[in-house]
Each structure stands twice: as structure tokens, then as C-alpha cells.
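Observations on the three-dimensional arrangement
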Amino acid sequence: MFHKEGQKIIITTFFLVVAAVLVAQYYIDVEWIRFAIQIAALFFLIAILQFFRNPKRLVTPNFDEILAPVDGKVVVIEEVDEPEYFKEKRKQVSIFMSPTNVHVTRYPASGTVTYSKYHPGKYLVAWHPKSSTENERTTIILHTPKFGEIGYRQIAGAMARRIVNYAEEGEQVTQGDDAGFIKFGSRVDLLLPLDCDITVKLNQKVVGARTCIASIRPLDD
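Residues numbered from 1 in each chain as written. Predicted model: local features only at pLDDT ≥ 70, side-chain atom pairs only at ≥ 80, totals over all residues. Heavy atoms only, no water.

**As for the sheet that holds strand E4 (residues 104-106)**
The strand order across the open sheet built from 3 strands is E4-E10-E8, with neighbouring strands paired in antiparallel fashion. In the strand order of this sheet, the two ends are held by E4 and strand E8 (162-165), each with one partner. Taken over all neighbouring pairs, the strand axes of this sheet differ in orientation by 20° on average, direction set aside. Pairing geometry for E4 and strand E10 (residues 178-183), over 3 bridges, is antiparallel. When the bridges of E10 are listed, Thr 105 appears paired with Gly 180. (Pairing = 2+ DSSP bridges. Helix = DSSP H or I, 4+ residues; strand = E, 2+ residues; numbered from the N terminus. Axes fitted to C-alpha atoms, helices over the stretch in contact; angles between N-to-C directions.)

Printed below as a string of C-alpha cells:
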């Protein structure tokens, strides 16, 4: 299954690859060159298909957990001063996606979208400390039943040149549902309350709509 954001690119790539294979077959006489071009074209098509893959992940919403919004690796866990919306300290968990990861963004929790804003910006590498505030990005805030307001931020990287965000203010959303897409390498920051428990570690690989990122701290702590 492939994401709808990749449909045009997949179709265009398919016809270009077919054309390249046919041109090589009928117009290139040197066998090893012809074979190399055809193999390279097919590998390019496979790379595009794997980038836009959209595996189904059935989720039973859990109000006590924040799930990973994307596949990737945890590169930041720290307290930050969030200046855009909360204007106070938040726990930030950042997940970096390589071009080989699934790039679908999924809602990390069920709730109501209270804020959704796009910011144009730079294209610093996604792991750069200033990428959260200077890169092209979208900031989305969800009001959840147990955690209160949480945020997540889609951040473009050096390769990512288009962020797709489906969250609209006032919309009711469900944990694990499709929330958008970031094309060709990127990062997502989660902005969570200080009193929640982070359940992942630095450099841990996480799976969108599968891995628990944070949970509610027990009342007796």
C-alpha cells in the first residue's frame, strides 16, 4: 500500500523507468552499459516505491500513552523552552527519519486539534539544534483527555522539501490515524508536559503508531 502523496511521483517514475529500459534495450549496443542502465532504472523505481510505502497499522486508542508519530530514531530527549505556543518548559522528544524510513506522520494521541500552523524556513540538516525553530516546519497542538495539550512539529531537513499536514483546528482526531507526510528525510519533535514519563531512550529506534513515547505518571509518585 502506498501513500496518496506519492501517487503522481510513482506514476511519473514508472513511465520514466519504462522509457529508460526500452531506450537502453533498442538503442544501446554495448551489453554491459545497457544492462547497467536498466538495473539502475529499476532500482530507482524500487527506491521511490519503498519511500512512499504506507503500511496499515491498526491502533486501539490508549489515552494513557503517547505513541510515536513516525518511524525513526530518537535523537533528542530534553527539557526546552517552547516559544511558539506553550511559552513554557516542555519535554521534547525528537525522532529523526532517514530516507529509508516510512515517512507517514500519524497522530500520537486522540484529541482535538487546537492549533495548526505552517512556517516557511531554512533547510538545515534535521539533526541541527536550530532546525526546530529555523527550518520549514508545521506545529500542531492536540488537546488530549489525560495529558492536556501536547504538541508535535514536522520539520523539513536538508533533503525534505515539502511538508504535508492534514491537521485542521477544531478537528477531532484519533491516535494512529494519518496526519500527514514529509518527503525525503526529516524530523518530528514531540512537545510533552513535564509531569509525563518518557518511556524511550536516546538512539532507540521507534515505530509510528506502535512505540510508546510517554505515559502518565502514577499519582503516588
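**Here we look at a nonpolar patch on the surface**
A cluster of nonpolar side chains, Ile 11, Phe 14, Phe 15, Val 18, Leu 22, Val 23, Tyr 26 and Tyr 27, forms an exposed patch at the surface whose accessible area comes to about 900 Å². Of note, Ile 11 is situated in helix H1 (residues 7-27). (Patch = residues over 30% accessible without salt bridge, like charges linked within 9 Å, V, L, I, M, F, W, Y side chains within 5 Å. Areas by Shrake-Rupley, 256 points an atom, 1.4 Å probe, with all protein chains shown as cover. Salt bridge = Lys/Arg side-chain N within 4 Å of Asp/Glu carboxyl O.)

**What to know about the sheet that holds strand E7 (residues 148-156)**
Strand order across the open sheet formed by 8 strands is E9-E5-E6-E7-E11-E3-E2-E13, with antiparallel pairing between neighbours. Sheet topology places strand E9 (172-173) and strand E13 (205-206) at the edges, where each strand pairs with a single neighbour.

**A few points about H1**
With 21 residues, H1 should reach 30 Å at 1.5 Å per residue; the first-to-last C-alpha distance of 30 Å fits that figure. Among the residues making up H1, those that are buried are Ile 10, Thr 13, Val 17 and Ala 24. For H1, the arc enclosing every buried residue in end-on projection is 65°, short of the 170-degree limit, so these residues lie on one face. Turned more than 90 degrees away from the buried face of H1, the exposed residues are Lys 8, Ile 11, Phe 15, Leu 16, Tyr 26 and Tyr 27. Looking at the buried residues of H1, the elements they touch are helix H2 (31-51). (Expected span 1.5 Å × (residues − 1). Buried < 20%, exposed > 50% of the residue type's maximum accessible area, 1.4 Å probe, protein only. Arc of directions from axis to C-beta. Contact = heavy atoms within 4.5 Å.)

**Quick notes on the side chain of Arg 106**
Counting through the fold element by element, Arg 106 comes out in strand E4. Buried Arg 106, no salt bridge; nearest opposite-charge side chain is Asp 71, N-O distance 5.3 Å. Among residues more than four places away in sequence, those in contact with Arg 106 are Asn 54, Pro 55, Arg 57, Pro 69, Gly 176, Asp 177, Ala 179, Gly 208 and Ala 209. (Lys, Arg positive; Asp, Glu negative; His and termini not counted.)

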